[in-house]
Amino acid sequence: MFSMYIDPGTGMIIVQMVLAAFVSVFVFFKNVREKIKAFFRKK
Amino acid sequence: MRDPGSFRDPSGFIIYENDKVYRIVNKLYQKHYDHLMNSGLYECLAKDNWLVSHLENNDKSRTQDQYRILDVQKIFPITYPYEWSFSQLKDAALLTLDIQKKCIEYGMTLKDATPYNIQFRDNAPIFIDTLSFEMVENNFAWKPYRQFCEMFIGPLSLMSYKDPRLNKLLISFINGIPLPLINKLLSFRDKLRPSVFMHLVLHHWLSSTSNESSKKEGTTKTIGKKQHLNIITQLQSFVTKLAVLNEKSEWGDYNSETISEKKNYVEDKEVTINSFLQGLHFDLTWDIGSNDGYYSRVIANTYSKEVLSLDIDWKCVEKNYKINTKKSITNVFPILLDLSNPPPSIGWMNKERSNIYERIGSPDLICCFAIMHHIINDNIPISYFIDLLCRSTGHVLLEYVPISDPKCQKIFKSRGDDFEYPSKEYFEELLHKNFAILKSKTLDETERILYLLKKK
């Protein structure tokens, strides 16, 4: 149930869907960076 | 008496009776309250001191639409985000995110995310709104995401990238700094930071381009649990990395500079404070112009149960808070306060958030070390300053700074011939109207005088 006692703002869900996509890309590149770092650390 | 600021959420409200705090839970909120209590979430949050604890009160009578009455732990003092330093607001934001993550584990979510839901107890943030929790099942879209951005992310970003005093904007914007304004204030370079871009720029852009049809359409779309947790984790990482510019403030290094310049003066002041206060015990002390809280800690250590360190400078409050948290000092709490323009009453009918003097109690000791010349420099009559000291119900520790003092010479050198600074004799005459001078001593290396006063 969603009781809307605060105004979540226009297009609240769309904003968060786009944001979630951005965050996934962000997390993906962060993980790649960490893996590369870890690879060189091992060497 | 009903809390005049407790009306926005229809789930319940706060009342005060005989110095006790009660939270009324309306029947409207029954399902969510029962889930909070039965799922183990309440116990988990209260155990870690993340959420204020309560007891269900079965003695008080309830109206038809009331489900429960809770005896809530009282928090003192109540402070607001525009009275906090950067790290205090940051810690409040991080607690909100930690709690949101914990809520998801228990099938709940926060339905609002405002710093007014957070207070500080023992120098650690604590969530005070027991009715902010709502059950969540399929759609994990975070309803207060915009509120979180306007109340926490925006102010913290402005404080970090622009100026740490910008949390004062929250006095004007009780519901948070609007996204369009945040976007106007941030520079192009600031907006290129990935997190700023996502949460403030893109968020604003998407909100302003979404029209009513997309709002309706949005109700059929959902956000998954994993997607939501990714957003919260990213927010945590962003907030954790935020820091304030390491700029030199007017007062931030004052104490250490003074210690190196006038070692005997500082040592003698501490010895004198200890000798004046020996055998005295206080419940509440206001240390006005506390700097980094050095003397607040001296007093809190032996003489006072609780000390509120009040200072105009954000860097002093920041340093004070960090020292206290690092040393686990729980009875010295720093608050930002500009004496010449204290935080006013704001919100609906000017009653929703009360002014600072209504929230910081009635002290039985007021300390004012070396601030009278700054008050005079603000053109505040010395008699007004003494009126402020009269707010003490017992004692006052006061440092008189004569015009011959090097600091005064520097501050007042450009004043004209008609400028009059209170002499020691005139100052004492004024004090005598309201106080008895119990002790006085001229401090080493200076002509400054420390007084211990007792209210008549």
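For the structure, check the block above.
## As for the overall build of chain B
Logical step 1: When helices and strands are counted, chain B shows 18 helices and 15 strands.
Logical step 2: Here the C-alpha atoms of chain B give a radius of gyration of 25 Å, agreeing with the 23 Å that 2.2 N^0.38 yields for 456 residues.
Logical step 3: Dimensions along the principal axes, computed over C-alpha positions, put chain B at roughly 75 × 60 × 40 Å.
Logical step 4: Pairs at least 24 residues apart make up 70% of the contacts formed inside chain B by residues separated by at least 6 positions.
Logical step 5: Of the accessible surface of chain B, which amounts to about 20300 Å², a share of 51% is contributed by carbon and sulfur atoms.

## Details of unusual backbone geometry
Residue and element names in this part refer to chain B.
Logical step 1: With an omega of -5°, the peptide bond between F76 and P77 qualifies as cis.
Logical step 2: Within the element layout of this structure, P77 appears in the loop between β4 (66-72) and α3 (86-105).
Logical step 3: Unlike most non-glycine residues, A370 shows phi in positive territory, near 50°.
Logical step 4: If you trace the backbone, A370 turns up in the loop between β12 (365-368) and α15 (372-377).
Logical step 5: Look at E445: it is not a glycine, yet its phi comes out positive at around 70°.

## As for the interface of chain A and chain B
Logical step 1: Chain A puts 24 residues into the contact, and the matching count from chain B is 40 residues.
Logical step 2: Buried surface at the junction of chain A and chain B, both sides included, amounts to about 2900 Å², of which 71% is carbon and sulfur.
Logical step 3: Connecting chain A to chain B are zero salt bridges.
Logical step 4: For the interface between chain A and chain B, the tally reads one residue pair in polar contact (both at pLDDT 80 or more).
Logical step 5: Partitioned by chemical class, the residues of the side of chain A that touches chain B number 17 nonpolar, six polar and one charged.

## Section: the side chain of B:H203
Logical step 1: Along the chain, the position of B:H203 falls in helix α8 (residues 194-209).
Logical step 2: On the basis of relative accessible area, B:H203 is assigned to the buried category, the value being 2%.

## Some details on the sheet that holds strand β15 (residues 449-455) of chain B
Residues and elements named next belong to chain B.
Logical step 1: Pairing is mixed across the open sheet formed by seven strands, whose spatial order is β11-β10-β9-β12-β13-β15-β14. The sheet is open, and its two borders are formed by β11 (332-336) and β14 (435-442), each paired with just one other strand. Sheet twist, expressed as the mean angle between neighbouring strand axes with direction ignored, is 20°.
Logical step 2: With six bridges connecting them, strand β13 (residues 395-400) and β15 associate as antiparallel partners. Counted as the bridge partner of V396 is L453 from β15.
Logical step 3: Across the face of the sheet, helix α13 (residues 294-302) comes into contact with β9 (282-288), β10 (304-311), β11, β12 and β13 while running at roughly 170° to β10.
Logical step 4: Along the sheet, helix α14 (residues 314-326) contacts β10 and β11; its crossing angle with β11, the most-contacted strand, is approximately 160°.

How each quantity is defined
- Residues numbered from 1 in each chain as written.
- Chains lettered and ligands numbered in written order.
- Predicted model: local features only at pLDDT ≥ 70, side-chain atom pairs only at ≥ 80, totals over all residues.
- Heavy atoms only, no water.
- Helix = DSSP H or I, 4+ residues; strand = E, 2+ residues; numbered from the N terminus.
- Rg over C-alpha atoms; globule rule 2.2 N^0.38 Å.
- Contact = heavy atoms within 4.5 Å.
- Areas by Shrake-Rupley, 256 points an atom, 1.4 Å probe, with all protein chains shown as cover.
- Buried area = accessible area lost by both parts, 1.4 Å probe.
- Salt bridge = Lys/Arg side-chain N within 4 Å of Asp/Glu carboxyl O.
- Polar contact = N/O pair within 3.5 Å; in protein donor to acceptor, adjacent residues only side chain to side chain.
- Nonpolar A, V, L, I, M, F, W, Y, C, P; charged D, E, K, R; others polar.
- Buried < 20%, exposed > 50% of the residue type's maximum accessible area, 1.4 Å probe, protein only.
- Pairing = 2+ DSSP bridges.
- Axes fitted to C-alpha atoms, helices over the stretch in contact; angles between N-to-C directions.

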